[in-house]
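Residue-level structure breakdown
Spelled out, the chains give:
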Amino acid sequence: MSIDTKENFTRSNKQDQYIQPDYYVLDDLLTEEHKLIRASVREYVKRELSPIIEDVAQKAQFPYHILKQLGDIGAFGPQLPAEYGCGGMDYITYGIIMQELERCDSGIRSTASVQGSLVMYPITKFGSEEQKHKYLPRLAKGEIMGCFGLTEPNHGSNPGGMTTNFKDAGDGKNVILNGAKMWISNSPFADIAVVWAKNEQGIIHGMIVERGMEGFTTPETHNKWSLRTSVTGELVFNDVKVPKENIFPGVTGLKGPLTCLNSARFGIAWGALGAAMDCYDTALRYSKERIQFGRPIGGFQLQQKKLAEMITEITKGQLLVWRLGVLMNEGRATPAQISMAKRNNVEIAQNCARNARQMLGGMGITGEYPIMRHMMNLESVVTYEGTHDIHLLITGMDVTGENAFM
Ligand code: TGC
Ligand code: FAD
């Protein structure tokens, strides 16, 4: 709050401050288009997702009917060039969309970020013309869905050790794929999978595996306490014959999948802020309404400390992702900068969730409020796309030049 204007004091108490929040008037850094898109995604979330999210999360049922809706609002690949039906918008727009979806639920954002950053992005960047024409327009509309297979049962943080492999089928047309991927978002319903596997020389390639190919199965992973609105599963390849034309011509090596992760991690850095904002907003409202010892709990210093720290960290996180978005738009963002933002913003979201949950007392553990759901979701978000530790080591290596991974 500026000290010299009454107008600003009033502004900080207005209703839109609850739903934004925008303590440093960062909206001034956004374009009118950014704000319009944010308003329209927010309106969609309020109308279609907020009314059902608690129920589907409690039941661990993915709301399949929203896939087409997410395509219609432009949530799939908004940051990709406008050719082939993709969004043609900038990275900040992408971030804003992820923020608004994750304000509702990390699992919903996951579904969108896998489709846009881990399926459409590699096809756009590494795919052949035929692959782009064949898949991108339908992926953008949500008519078909994809998943991304990098992690294996024995190779999570160290994907370069993968054992999934392919060899020439000897018929001039196909390769034979064997192996297994684990913890794959969207796999049980995906129509296609972007799969990373080693050739006979041990060099990593990416390829598109289609549902229905013989020997390809996608068993679901059940009983998750986290990300219950996102479907997770395996990818199992048992002598799957994959046409050579499905292999990406544009990349070899681990940098292929890791380049896709840059885009997805960027979206998560924005998305996690959305979850943090929802926790802050919920706790702030509650603190004004909940009366103990004859006054709103928001009047007690201990509760104000929690709220003050939440809004401070959210504001710092907003500045971080806005600047990162500018660097992404200019093609100047480094992977290490993206790691820092993913790590920082997920951590602050976890802290906001924990503090907000305490502020709600017993009510904080119920499904009447979204906080416990966010808190459980964030346990996946802090693990996937590189764990908290891995991102710290990426920063450590960047600043020291020393590799502490092994
Ligand atoms: P290293 O030797 O460092 O690198 C191998 C090659 O890759 C290049 N590279 C990158 N390129 C682009 N972007 C990046 N972020 C890159 N990081 C590295 C590097 O320059 C090198 O290129 P070249 O040309 O010299 O070959 O590789 P390493 O084996 O030492 O591993 C490095 C490490 C640990 C940082 C990396 O493997 C890593 O990030 N591990 C974490 C694994 C991870 O994030 N998995 C995510 C799986 S997908 C997922 O979780 C989806 S969740 C989706 C959802 O539901 O939202
Ligand atoms: P591990 O790598 O076994 O790590 C275990 C612990 O050891 C962690 O704390 C880690 O930080 C630590 N550790 C590992 N190496 C080091 C080191 N060098 N130094 C210090 N500490 C270290 N993957 C996909 O490919 N596609 C997906 O769509 C996908 N979706 C996912 C959805 C969910 C819900 C989850 C939970 C995971 C998903 N993943 C996906 C997998 C995810 O990327 C991995 O879980 C993650 O990379 C960590 O791998 P891991 O679980 O094998 O843990």
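Just so it is clear, the model here is predicted, and its values are computed rather than measured. (Residues numbered from 1 in each chain as written. Chains lettered and ligands numbered in written order. Predicted model: local features only at pLDDT ≥ 70, side-chain atom pairs only at ≥ 80, totals over all residues. Heavy atoms only, no water.)

1. Looking at the pairing of strand β2 (residues 165–168)
Selection criterion: We call two strands paired when DSSP finds no fewer than two bridges between them. Secondary structure elements are defined from DSSP: runs of H or I of at least 4 residues count as helices, runs of E of at least 2 residues count as strands, and each element is numbered from the N terminus.
As paired strands, β2 and strand β3 (residues 174–185) are joined by four bridges and run antiparallel to one another. When the bridges of β3 are listed, Asn 165 appears paired with Asn 178. Linking β2 to β3, which pair antiparallel, is a turn of five residues; within it Gly 170 sits at a positive phi near 80 degrees.

2. Considering the site of ligand 2
Let me state the cut-off plainly: We call a residue near a given molecule or strand whenever any one of its heavy atoms falls within 4 Å of it. Polar contacts, as used here, are pairs of N or O atoms within 3.5 Å; protein pairs need one atom able to donate a hydrogen and one able to accept it. Residues neighboring in sequence count only if both atoms are side-chain atoms. Note on areas: Shrake-Rupley with a 1.4 Å probe; residue coverage comes only from the protein chains shown. Under the convention adopted here, Pro, Cys and the residues Ala, Val, Leu, Ile, Met, Phe, Trp and Tyr are nonpolar, Asp, Glu, Lys and Arg are charged, and Gly plus all remaining residues are polar. Domain limits in this description derive from either an automatic procedure or a database domain assignment.
Taken together, 17 residues lie around ligand 2, and Thr 151, Ser 157, Trp 183, Thr 387 and Asp 389 are the ones closest in. One of the side-chain nitrogen or oxygen atoms of Ser 157 is found 2.6 Å away from an oxygen atom of ligand 2. Between ligand 2 and the protein, one listed contact pairs a nitrogen atom with a backbone N or O atom of Trp 183 at 2.7 Å. Its free accessible area being 980 Å², ligand 2 has 69% of it covered by the protein chains. The set of elements that each furnish at least two residues to the shell around ligand 2 consists of β3 and α12 (388–400). For the shell around ligand 2, the element with the most residues is β3, which contributes three residues. A class-by-class count of the residues in the shell around ligand 2 yields eight nonpolar, seven polar and two charged. When residues of the shell around ligand 2 are assigned to domains, at least three map to each of domain 2 (146–246) and domain 3 (255–400).

3. A short note on the domain arrangement of the protein
Where we set the bar: By definition in these notes, contact holds between two residues if any of their heavy atoms fall within 4.5 Å. Buried area adds together the accessible area that both of two parts lose upon being put together, with accessible area traced by a 1.4 Å probe. Any Lys or Arg side-chain nitrogen located within 4 Å of an Asp or Glu carboxyl oxygen qualifies as a salt bridge.
Considered domain by domain, the protein is made up of domain 1 (3–141), domain 2 (146–246) and domain 3 (255–400). Contact residues are listed per partner, giving 37 residues for domain 1 and 41 residues for domain 3. Across the interface of domain 1 and domain 3, roughly 3200 Å² is buried in total on both sides, 64% from carbon and sulfur atoms. If you look at where domain 1 meets domain 3, you find two salt bridges. One salt bridge connects Glu 54 with Arg 373, and the closest N-O pair in it is separated by 3.1 Å. For the pair domain 1 and domain 3, the interface holds 13 residue pairs in polar contact (both at pLDDT 80 or more).

4. As for the site of ligand 1
In the neighbourhood of ligand 1, 26 residues make up the surrounding shell, with Ser 185, Asn 262, Arg 265, Glu 385 and Gly 386 lying closest. A distance of 2.7 Å separates an oxygen atom of ligand 1 from a polar atom in the side chain of Ser 185. In the complex, 72% of the free accessible area of ligand 1, which totals 1100 Å², lies under the protein chains. Looking at the shell around ligand 1, the elements with two or more residues in it are α6 (106–126), α8 (255–289) and α12. Top contributing element to the shell around ligand 1 by residue count: α8, with six residues.

5. Concerning the side chain of Lys 224
Under the convention used in this document: Each residue is placed in one exposure class: buried if its accessible area under a 1.4 Å probe, protein chains only, is under 20% of its type's maximum, exposed if it is over 50%, and partly exposed if it falls in between. All tallies of charge rest on Lys and Arg as positive and Asp and Glu as negative; His and the ends of each chain are not included.
Tracing the backbone through its elements, the reader meets Lys 224 in the loop between β6 (216–217) and β7 (232–243). There is no salt bridge for the buried Lys 224, and the closest opposite charge comes from Glu 220, which lies 6.7 Å off by N-O distance. Reaching out from Lys 224, the side chain makes a polar contact with the backbone oxygen of Leu 227 at a distance of 2.9 Å. Among the polar contacts listed, one links the side chain of Lys 224 to the side chain of Thr 232, at a separation of 2.7 Å. If we ignore the near neighbours within four places in the chain, the residues touching Lys 224 are Ser 230, Val 231 and Thr 232.

6. Remarks on the pairing of β3
When β3 meets β7, the two strands line up antiparallel, connected through nine bridges. Across the sheet, the residue bridging to Ile 176 is Lys 241, located in β7.

7. Some thoughts on the packing of aromatic side chains
Note the following rule: Any two rings among Phe, Tyr and Trp, with Trp reduced to its six-membered ring, count as a pair given centres within 6.5 Å; such a pair is stacked if its planes are under 30 degrees apart, edge-to-face if over 60, and tilted if neither.
Using the criterion set out here, one finds 13 aromatic pairs in the structure. Residues Tyr 91 and Phe 266 carry aromatic rings whose centres are separated by 5.5 Å and whose planes lie at 85 degrees to one another, so their mutual orientation is edge-to-face. Separated by 175 residues along the polypeptide, Tyr 91 in helix α5 (residues 91–104) and Phe 266 in helix α8 bring together distant segments of the chain. Ring pairs connect the aromatic residues Tyr 91, Tyr 94, Phe 266 and Trp 270, which therefore count as one cluster.

8. Quick word on the packing of α8 against helix α10 (residues 335–359)
Put simply, the rule is: Throughout, an axis means a line fitted to C-alpha atoms (over the contacting stretch in the case of helices), and angles, computed between N-to-C directions, take values from 0 to 180 degrees. To sort the angles, those under 35 degrees are grouped as roughly parallel, those over 145 as roughly antiparallel, those from 65 to 115 as roughly perpendicular, and the leftovers as oblique. Crossing chirality is assigned from the near helix's rotation relative to the far helix, an anticlockwise turn below a right angle marking it left-handed and a clockwise turn marking it right-handed.
Contact geometry for α8 and α10: axes closest at 8 Å, N-to-C directions at 20 degrees. Relative to α10, the element α8 lies roughly parallel. As for the relative orientation of α8 and α10, their crossing is left-handed in sense. Along the lines of polarity and charge, the residues of the contact of α8 with α10 split into 19 nonpolar, four polar and two charged.

9. Here we look at unusual backbone geometry
A negative phi angle characterises most non-glycine residues, just as the trans form characterises most peptide bonds. Of note, Val 25 is a non-glycine position whose phi angle comes to about 50 degrees, a positive value. Positionally, Val 25 belongs in the loop between α2 (15–19) and α3 (32–59). Judged by its relative accessible area of 34%, Val 25 falls in the partly exposed class. With a phi close to 65 degrees, Trp 183 is a non-glycine residue in the positive phi region. In this structure, Trp 183 sits in strand β3. The class of Trp 183 is exposed, set by a relative accessible area of 52%.

10. Some remarks on α12
We count it as follows: Expected helix span is given by 1.5 Å per residue-to-residue step, counting one fewer step than there are residues.
The end-to-end C-alpha distance of α12 is 18 Å, a good match for the 18 Å that 13 residues give at a rise of 1.5 Å each. Inspection of α12 places His 388, Ile 390, His 391 and Ile 394 among the buried residues, and these make up the whole buried set. Against α8 and α10 lie the buried residues of α12. Gly 401 sits one or two positions beyond α12 and adopts a positive phi of about 80 degrees.

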